[in-house]
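Fold and contact review
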Amino acid sequence: MKVSDLARAADVTGETVRHYTREGLLHPQRDPDNGYQLYGADDLNRLRFIQRARTLGFSLREVREILEHADHGDSPCPMVRDLLAERLPEIRSRIRELQALATRMERALETWRDMPDGTPDGHSLCRLIESLPMESDDGFARQAP
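As the structure is a prediction and not an experimental result, all values here were calculated from the model.

Points about the pattern of salt bridges
Counting across every chain of the model gives 9 salt bridges. Across the pair Glu 15 and Arg 18 runs a salt bridge, and its minimum N-O distance is 3.9 Å. Linking Glu 15 with Arg 18, this pair stays in helix 2 (residues 14-22), spanning 3 residues, or about one helical turn. Take Glu 15: its relative accessible area is 42%, and that puts it in the partly exposed class. A relative accessible area of 37% means that Arg 18 is categorised as partly exposed.

If you want it as structure tokens, here you go:
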């Protein structure tokens, strides 16, 4: 398969295939007649594996490590479990941070609903943002100086 064939079979772009090839995640053969990269069924399986791993949040560096373990005949499964177990609390924390951000944004929009637009005057840049109380590192609001 050429790049376009592999991309179509995996439902990705040709650039995605080229990128993963440059990253060393796919290993095409070269057609001796025209120099085209030719991909086989193993590359399609590998590409689908990469897609699945990416949907679980693995970085390309991590995917490379997983593939290297498998390529050397070692099971990457313990590493995969450890990586997800380590990352899950971080993701949950990030979700809480994003939920708090969404709440702040909703409050700001509600507060700003009836506020007039202002023009920068040398003392003020955007009264909407400046009207919000400052938040300290502990998450509690404090008044701007």
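Looking at helix 1 (residues 3-10)
All of the buried residues in helix 1 are Val 3, Leu 6, Ala 7 and Ala 10. One face of helix 1 carries all of its buried residues, which in axial projection span an arc of 100°. Looking at the buried positions of helix 1, the neighbouring elements they touch are helix 2, strand 2 (37-38) and helix 3 (41-55). The positive-phi residue at the C-terminal boundary of helix 1 is Asp 11, with phi of around 60°.

With respect to the packing of helix 1 against helix 3
Axis separation between helix 1 and helix 3 bottoms out at 10 Å; the angle between their running directions is 50°. As summarised for this structure, helix 1 and helix 3 are arranged oblique, according to the angle between their axes. Note on packing geometry: the crossing formed by helix 1 with helix 3 is right-handed. Contacts between helix 1 and helix 3 involve Leu 6, Ala 9 and Ala 10 from the former and Asp 43, Leu 44, Leu 47, Arg 48 and Gln 51 from the latter. Residues belonging to the contact of helix 1 with helix 3 are distributed by class as follows: 5 nonpolar, 1 polar and 2 charged.

Section: the domain arrangement of the protein
Examined at the domain level, the protein breaks down into domain 1 (1-74) and domain 2 (77-114). Distance between the C-alpha centres of domain 1 and domain 2: 31 Å. Summing the contributions of domain 1 and of domain 2, the shared interface buries around 550 Å²; its carbon and sulfur component is 71%. Run the count over domain 1 and domain 2 and you get 1 salt bridge. In this assembly, domain 1 and domain 2 are joined by 2 residue pairs in polar contact (both at pLDDT 80 or more). Split into classes, the residues belonging to the side of domain 1 that touches domain 2 amount to 3 nonpolar, 2 polar and 2 charged.

Focus on the packing of helix 1 against helix 2
The description of two packed helices rests on the angle between their axes and on the distance between the axes. Relative orientation of the contacting elements helix 1 and helix 2 amounts to 110°, with a least axis distance of 8 Å. Regarding the angle of helix 1 to helix 2, the classification is roughly perpendicular. Contacts between helix 1 and helix 2 pair Val 3, Leu 6 and Ala 7 from the former with Gly 14, Val 17 and Arg 18 from the latter. Across the contact of helix 1 with helix 2, the residue classes tally to 4 nonpolar, 1 polar and 1 charged.

Notes on the nonpolar core
Counting residues in each nonpolar core, the largest one holds 21 residues, and the members touching the most others are Leu 6, Val 17, Tyr 20, Leu 26, Leu 47 and Ile 50. Every element with two or more residues in this core is listed here: helix 1, helix 2, helix 3, helix 4 (60-71) and helix 5 (77-112). Setting aside its immediate chain neighbours within four residues, Val 17 contacts Val 3, Leu 6, Ala 7, Val 12, Leu 26, Tyr 39 and Leu 47.

A few points about the UniProt feature "domain: HTH merR-type" (unreviewed entry) in the protein
Residues annotated in UniProt with the feature "domain: HTH merR-type" (unreviewed entry) correspond here to residues 1-69. Secondary structure within residues 1-69 divides into 61% helix and 6% strand; the distance between the first and last C-alpha atoms comes to 26 Å.

What counts and what doesn't
Residues numbered from 1 in each chain as written. Predicted model: local features only at pLDDT ≥ 70, side-chain atom pairs only at ≥ 80, totals over all residues. Heavy atoms only, no water. Salt bridge = Lys/Arg side-chain N within 4 Å of Asp/Glu carboxyl O. Helix = DSSP H or I, 4+ residues; strand = E, 2+ residues; numbered from the N terminus. Buried < 20%, exposed > 50% of the residue type's maximum accessible area, 1.4 Å probe, protein only. Arc of directions from axis to C-beta. Contact = heavy atoms within 4.5 Å. Axes fitted to C-alpha atoms, helices over the stretch in contact; angles between N-to-C directions. Parallel < 35°, antiparallel > 145°, perpendicular 65-115°, else oblique. Left-handed = near helix turned anticlockwise from the far one by under 90°. Nonpolar A, V, L, I, M, F, W, Y, C, P; charged D, E, K, R; others polar. Domains from an automatic or database assignment. Buried area = accessible area lost by both parts, 1.4 Å probe. Polar contact = N/O pair within 3.5 Å; in protein donor to acceptor, adjacent residues only side chain to side chain. Core = buried A, V, L, I, M, F, W, Y, C linked by side-chain atoms within 4.5 Å. UniProt positions renumbered as here; feature names shortened; annotations may be inferred.

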